[in-house]
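# Results of the structural survey
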Amino acid sequence: MTESAVTTADAATSARAKGATVVLLTLAAGQFLMTLDSSVMNVSIATVAKDVGTTVTGIQGAITAYTLVMAALMITGAKIGAMIGRKRAFAIGCVIYGCGSLTTSLAPNLPVLLFGWSFLEGVGAALILPSIVALVAGNFATERRPAAYGLVAAAGAVAVAVGPLVGGFCTTYFSWRWVFAGEVVLVLAILVLARRISDAPPETRPHLDVVGAVLSALGLGSLVFGILRSSEWGWIQPKADGPSWAGLSPTVWLALIGLFVIWVFFRWEARRESHGEEPLVRPEMLRNRQLAGGLIMFFFQYLAQAGLFFVVPLYLSVCLGLSALATGARLLPLSVTLLAAAIGIPRLFPTVSPRLVVRSGLLALLAGTVVLLGGLDKDAGAEVVFVPMLLIGLGIGALASQLGAVTVSAVPDDQSAEVGGVQNTMTNLGASIGTALAGSILIAATASSFSGNIQQNPAFPSSVKSEASVKLEGGVPFVSDADVNKALDKANANTKQSEAALSDYKDARLDGLRSSLAILAVLVLVALFYAQRIPSTQPGAAENRAPA
């Protein structure tokens, strides 16, 4: 081969490598963008609530609705991507997401925030995330895919890591709205770079199962909506000022309806497959032990992660009165260990047992939650979260380093987009339920504890105790000391009663936080029982092992 031919070949190889790098960074930027919103919003909950004229519960609803929209539409988004092309679905999703970010940045009230963030961004994400999985498979050779999937997963971890700091900085010195305006700029950059991506056309053109899409959305929506409203309606018995359906809280009925509709959905999918029609989700795929194990772990990881990222910032910002920036800084230890584990474990221990890493990650997550649970008391300061954040970050990072490869390697390459849809459904469903569950238990336990504290406090006369017992049955908002004092001043309480009420409410807030952390710890323990489904060898290890 002549020298000029070698030079030309080297240049072509370098150009392909450069093009592949741009493609990977573009897809990673898309993953980063999808994860950034929630981590930014969690440290700015109190500020956003005041800015749009709502409460912590209102923002909790927006957070839950955002993840719920994604969970409900993710599988449908994967099918639409297969029908119109994954590259086109990725681009359309970015446009919708950008419109949602722009709307959110200008939102004057909660309804507009819900439309821009929870709905438009959720719909956009439902098209983007499944497309990313398929586009990685379509743009990289088989031997390069594990590293590519790892970098995309790391981009999500980076968003979790920097989100609190970005949100805290913008909220403290500018406005949380700047974050969403910045997302619009990032979306435009992604759209420009996306022209370098090669499409991943399916071998056959799929058809959308409209009935299945409606059933899955209705089932998931009913289940999570019931859990979200449990703090206002009650879990089983209806609250005094809440609605009652046949003598029970609507939460129970909505949960039952949701589970029943999900059962009908799976029966419908099995019927379509038996008649030779294309289902929205292939039932036999979900019977794959490795895939099912990975999906269950994704669900529990994001449930615990979302619950903790809802509870811990509230403790720092509401109970301790830290600014959004200071709150983000206190979460930095979690960001550091999360990144270290997510990127370091695959690099330093490429052949380690995924099951061992997943179990270790769950144990670290459990240890961090329990340490934080034991450290919360009246005299605790912000330093109490340092060690728990290190452990929780280590656990989440360990899980993130393994689960993506476990699920994608469980099925043939031509099913990667379908796996992407189901996988992202489980992660967003877990995040939605985690936020709703942690928030509802937090508020319910705070109200119950506050009511009990007042009944036992001799500073209050019997008439005040009776009135408080009735009013607190409907729940109590999770607010700062300053807001409590304002409410007491408005109620014309005397100094002795104000001091007693504030002390009782501080104790009740801590009881609410402990209750939320306790249920999250129990759920992590439950996840440990399912870790047995994770394989003990790395994907592809058997094929790559040298023959004896």
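Residues numbered from 1 in each chain as written. Predicted model: local features only at pLDDT ≥ 70, side-chain atom pairs only at ≥ 80, totals over all residues. Heavy atoms only, no water.

### Structural notes on the pattern of salt bridges
For the structure on display, the rule yields 4 salt bridges. Measuring nitrogen to oxygen at the nearest pair gives 3.5 Å for the salt bridge that ties Arg-177 to Asp-51. Here Arg-177, found in helix H7 (residues 177-193), pairs with Asp-51, found in helix H2 (residues 45-51); they are 126 residues apart in sequence, far enough to count as distant. A salt bridge links Asp-209 to Arg-272, with the nearest nitrogen and oxygen atoms 3.7 Å apart. (Salt bridge = Lys/Arg side-chain N within 4 Å of Asp/Glu carboxyl O. Helix = DSSP H or I, 4+ residues; strand = E, 2+ residues; numbered from the N terminus.)

### Quick word on the side chain of Thr-26
Mapped onto the elements, Thr-26 comes out in helix H1 (residues 3-42). Among all residues touching Thr-26, those that are not within four sequence positions of it are Phe-90, Ile-190, Leu-193, Ala-194 and Ile-197. (Contact = heavy atoms within 4.5 Å.)

### Side note on empty space enclosed by the protein
For the structure shown, the criterion picks out 1 cavity of 30 Å³ or more. Here the largest cavity is characterised by a volume of approximately 40 Å³. Around the largest cavity sit Val-311, Val-312, Tyr-315, Leu-372, Leu-376, Val-385, Leu-513 and Leu-517, which together line it. Of all the secondary-structure elements, those providing two or more residues to the lining of the largest cavity are helix H12 (289-319) and helix H20 (495-530). Class assignment of the residues belonging to the lining of the largest cavity gives a composition of 8 nonpolar, no polar and no charged. (1 Å grid on protein atoms, 1.4 Å probe; cavity = no way out; pocket = protein on both sides within 12 Å on 5 of 7 lines; lining within 4 Å. Points joined across faces, edges and corners; volume = space filled by probe spheres on them. Nonpolar A, V, L, I, M, F, W, Y, C, P; charged D, E, K, R; others polar.)

### Points about the nonpolar core
In terms of nonpolar packing, the biggest core is built from 106 residues, with Ile-59, Phe-90, Met-297 and Tyr-315 touching the most fellow members. Examining the composition of this core, we find that 17 residues originate from one element, H12, more than from any other. The contacts of Met-297, once residues within four sequence positions are left out, are Val-358, Leu-362, Leu-403, Ala-527, Tyr-530, Ala-531 and Ile-534. If you look at the next biggest cluster of nonpolar residues, it comprises 14 residues, including Val-281, Val-411, Val-419 and Val-422. (Core = buried A, V, L, I, M, F, W, Y, C linked by side-chain atoms within 4.5 Å. Buried < 20%, exposed > 50% of the residue type's maximum accessible area, 1.4 Å probe, protein only.)

### Re the packing of H12 against helix H15 (residues 354-375)
Following both chains from N to C, one finds H12 and H15 inclined at 25 degrees, their axes separated by 12 Å at the closest point. Judged by the inter-axis angle, H12 sits roughly parallel to H15. Judged by the sense of rotation from one axis to the other, the crossing of H12 with H15 is left-handed. Here H12 contributes Met-297, Ala-304, Leu-308 and Val-312 to the contact with H15, which in turn contributes Val-358, Leu-362, Leu-365, Thr-369 and Leu-372. In terms of residue class, the contact of H12 with H15 is built from 8 nonpolar, 1 polar and no charged. (Axes fitted to C-alpha atoms, helices over the stretch in contact; angles between N-to-C directions. Parallel < 35°, antiparallel > 145°, perpendicular 65-115°, else oblique. Left-handed = near helix turned anticlockwise from the far one by under 90°.)

### Re unusual backbone geometry
The phi dihedral of Ala-246 is positive, around 55 degrees, even though this residue is not glycine. Looking at the secondary structure, you find Ala-246 in the loop between helix H9 (230-233) and helix H10 (250-274). Residue class for Ala-246 comes out exposed when judged on its relative accessible area of 73%.

### Considerations on the packing of aromatic side chains
As enumerated under the stated definition, the model contains 11 aromatic pairs in all. Here Phe-174 and Trp-178 contribute two aromatic rings whose centre-to-centre distance is 4.6 Å and whose plane-to-plane angle is 20 degrees, an arrangement assigned as stacked. Among the residues examined, Phe-174 registers a relative accessible area of 44% and is labelled partly exposed. Pairing Trp-176 with Phe-180 gives two aromatic rings, centres 6.0 Å apart and planes at 85 degrees, and the pair type is edge-to-face. The residues Trp-176 and Phe-180 share a single accessibility class, namely buried. Of the aromatic side chains, those joined through ring pairs into one cluster are Tyr-66, Trp-117, Trp-176 and Phe-180. (Phe/Tyr/Trp six-rings, centres within 6.5 Å; stacked < 30°, edge-to-face > 60°.)

### Here we look at the packing of helix H14 (residues 332-348) against helix H16 (residues 386-408)
With their axes 7 Å apart at the nearest point, H14 and H16 run at an angle of 30 degrees to one another. The angle between H14 and H16 falls in the class roughly parallel. Judged by the sense of rotation from one axis to the other, the crossing of H14 with H16 is right-handed. Between H14 and H16, the contacting residues are Pro-333, Leu-334, Thr-337, Leu-338, Ala-341, Ala-342, Ile-345 and Pro-346 on the first element and Phe-386, Met-389, Leu-390, Ile-392, Gly-393, Leu-394, Ile-396, Gly-397, Ala-398, Ala-400, Ser-401 and Gln-402 on the second. Of the residues belonging to the contact of H14 with H16, the class tally is 15 nonpolar, 5 polar and no charged.

### Some points on the side chain of Thr-427
Here Thr-427 is to be found in helix H17 (residues 416-456). For Thr-427, the contacting residues outside a window of four places in its chain are Phe-298 and Tyr-302.

### A closer look at H12
Between its first and last C-alpha atoms H12 spans 44 Å; for 31 residues at 1.5 Å apiece the expected length is 45 Å, and the two agree. Across the 31 residues of H12, 28 count as buried, placing the element largely inside the fold. You can read the cap of H12 off the contacts: a side-chain oxygen lies 3.0 Å from the backbone nitrogen of Gln-290, and it is on Asn-288. Backbone geometry just after H12 places Gly-321 at a positive phi near 75 degrees. (Expected span 1.5 Å × (residues − 1). Polar contact = N/O pair within 3.5 Å; in protein donor to acceptor, adjacent residues only side chain to side chain.)

### Some words on the confidence of the model for the chain
Across the chain, the average pLDDT comes to 78, with 80% of residues at 70 or higher. When pLDDT is averaged over each element of the chain, H15 comes out on top at 94 and helix H18 (residues 462-472) at the bottom at 46. In the model, residues 4-17 has pLDDT below 50 throughout and makes 1 contact with residues more than four positions away in sequence or in other chains. Contacts of residues 463-474 to residues separated by more than four positions or lying in other chains number 16 contacts, the stretch itself having pLDDT below 50. (pLDDT = per-residue confidence, 0-100.)

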